[in-house]
Amino acid sequence: MKVKKAVIPAAGFGTRMLPITKAQPKEMVPVFDKPVIQYVIEEVYEAGIDDILIITGRHKRAIEDHFDKQPELENTIKNSEKEKELEKLNEILENVSIYYVRQKHPRGLGDAIYHAKQHIGDEPFIVLLGDVITYPNCTKELIKSFKGKENIIAVEKVPKELVSRYGIVEINENMEIKNMIEKPPVEKAPSNYAILGRYILQPDVFEYIKITPPGKGGEIQLTDALKLMIADNHKMLAHIFSGKVYDIGNKLSWLKATIEFALKSEIGEELKQHILNLIK
Ligand code: G1P
């Protein structure tokens with residue numbers, strides 16, 4: 001079975017980014033000149049998937065507006081330099097179908113994913129967290145290694161002192177995940193391989209989310225549902241991603257990503273001089 005659909009959960013409050021995220025979804029926070037979720041949609045598109053379901057919630061309308069046509073604006077900038085800025089986005093909008101479903105109560109990542117059940121049906125699918133950017137394209141890598149019947153979780157090595165921020169997995173020599181724990185204290189972490197926010201999942205996952213009790217923070221955790229699948233002998237493989245992962249869910253890594261992307265852009269040289277002057 002091939003992966004034909006992507007699910008992007010984008011329903012969380014983004015409390016680590018307050019006050020930026022008071023009235024604005026965290027997925028719309030700009031990383032240099034694009035909202036973070038646009039990078040995520042580009043990742044899906046470039047991996048050849050054209051069916052995307054975004055799980056939203058209240059206060060998330062800006063996401064739908066961003067991925068809609070804006071005829072008045074487009075007419076205004078027609079034949080000007082600015083037209084270029086929307087080129088990529090418009091190309092994507094013409095070639096992918098984006099669907100939305102609302103999570104009414106923020107009950108955690110697992111519960112958000114459960115809202116995709118009907119849309120997904122009986123096929124494997126890829127989950128991309130809406131506030132994580134990967135470079136190079138992690139979705140492409142996962143799809144390339146996918147054989148059809150397994151689940152694959154992308155992980156990255158993180159410093160030991162940061163394990164309590166992530167879902168942590170225990171991997172055997174065949175890259176099979178034998179255990180996983182959501183945000184463990186450092187002394188309980190089975191490794192320092194952290195779930196980075198890209199998963200290829202089989203549709204069985206919905207049955208497991210349904211029976212997953214509330215976990216960390218009183219929420220239905222996807223990690224806990226996947227752990228139940230492992231206990232029932234579902235094949236769960238780790239894919240160690242060696243590219244860069246930008247977690248836009250906290251202020252420091254958001255700023256680091258923004259600066260890094262801006263330094264690579266046409267304003268990079270001026271920005272660099274400015275930063276050098278600041279720290280002189
Ligand atoms: C979620 C997942 C966690 C994963 C992390 C990656 O946590 O629950 O397992 O490691 O994303 O960013 P969140 O950061 O949404 O609290």
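Above: the structure in question.
Only a predicted model underlies this, so the values are computations on that prediction, with no experimental measurement involved.

Could you give an account of a positive patch on the surface, naming the residues involved and the relevant values?
On the surface, a cluster of positive charge is made up of Arg58, Arg61, Arg102 and Lys104. Assignment of secondary structure puts Arg58 in the loop between β4 (51-56) and α2 (61-66).

Explain a negative patch on the surface to me, using residue names and the numbers behind them.
Together, Glu83, Glu87, Glu91 and Glu94 line one region of the surface with negative charge. Considering the arrangement of structural elements, one finds Glu91 in helix α4 (residues 87-95).

Any details on helix α9 (residues 222-231)? Residues and values, ideally.
Turning to α9, its buried residues number three or more, namely Leu222, Thr223, Ala225, Leu226, Met229 and Ile230. End-on view of α9: buried residues confined to an arc of 160°, all on one side of the axis. Once α9 ends, the next one or two residues include Asn233, with phi positive near 65°.

Residue-level account of the packing of aromatic side chains, with values.
Summed over all chains, the structure comprises four aromatic pairs. When the centroid spacing of 6.4 Å and the interplanar angle of 75° are considered together, the rings of Tyr114 and Phe206 count as edge-to-face. With Tyr114 in helix α5 (residues 109-114) and Phe206 in helix α8 (residues 205-210), the pair connects residues that are 92 residues apart, well separated along the chain. Using a relative accessible area of 25% as the deciding quantity, one classes Tyr114 as partly exposed. Here Phe206 falls in the buried class, since its relative accessible area comes to 2%. Aromatic ring contacts, followed pair by pair, group Tyr39, Tyr246 and Phe261 into a single cluster. We note Lys34 situated over the ring of Tyr39; from NZ or CZ to the ring centre the distance is 4.5 Å.

How would you summarise the side chain of Glu27 if you had to cite specific residues and measurements?
Locating Glu27 in the fold gives a position in the loop between β1 (5-9) and β2 (30-31). On the basis of relative accessibility, which here comes to 1%, the residue Glu27 falls in the buried class. A polar contact is formed between the side chain of Glu27 and the side chain of Lys60, at a distance of 2.8 Å.

Which residues make up the layout of surface pockets, and what are the values?
Computed from the structure, the largest pocket encloses a volume of approximately 860 Å³. Around the largest pocket sit 36 residues that line it, and Arg16, Lys26, Leu129, Asp131 and Lys183 are the ones nearest its centre. Elements represented by at least two residues in the lining of the largest pocket include exactly α5, β11 (193-201) and β13 (244-247). The leading source of residues in the lining of the largest pocket is β11, at four residues. In the lining of the largest pocket, the residues fall into 14 nonpolar, 11 polar and 11 charged.

How each quantity is defined
Residues numbered from 1 in each chain as written. Predicted model: local features only at pLDDT ≥ 70, side-chain atom pairs only at ≥ 80, totals over all residues. Heavy atoms only, no water. Patch = residues over 30% accessible without salt bridge, like charges linked within 9 Å, V, L, I, M, F, W, Y side chains within 5 Å. Areas by Shrake-Rupley, 256 points an atom, 1.4 Å probe, with all protein chains shown as cover. Salt bridge = Lys/Arg side-chain N within 4 Å of Asp/Glu carboxyl O. Lys, Arg positive; Asp, Glu negative; His and termini not counted. Charge placed at Lys NZ, Arg CZ, Asp CG, Glu CD. Helix = DSSP H or I, 4+ residues; strand = E, 2+ residues; numbered from the N terminus. Buried < 20%, exposed > 50% of the residue type's maximum accessible area, 1.4 Å probe, protein only. Arc of directions from axis to C-beta. Phe/Tyr/Trp six-rings, centres within 6.5 Å; stacked < 30°, edge-to-face > 60°. Lys NZ or Arg CZ within 6 Å of the ring centre and 35° of its normal. Polar contact = N/O pair within 3.5 Å; in protein donor to acceptor, adjacent residues only side chain to side chain. 1 Å grid on protein atoms, 1.4 Å probe; cavity = no way out; pocket = protein on both sides within 12 Å on 5 of 7 lines; lining within 4 Å. Points joined across faces, edges and corners; volume = space filled by probe spheres on them. Nonpolar A, V, L, I, M, F, W, Y, C, P; charged D, E, K, R; others polar.

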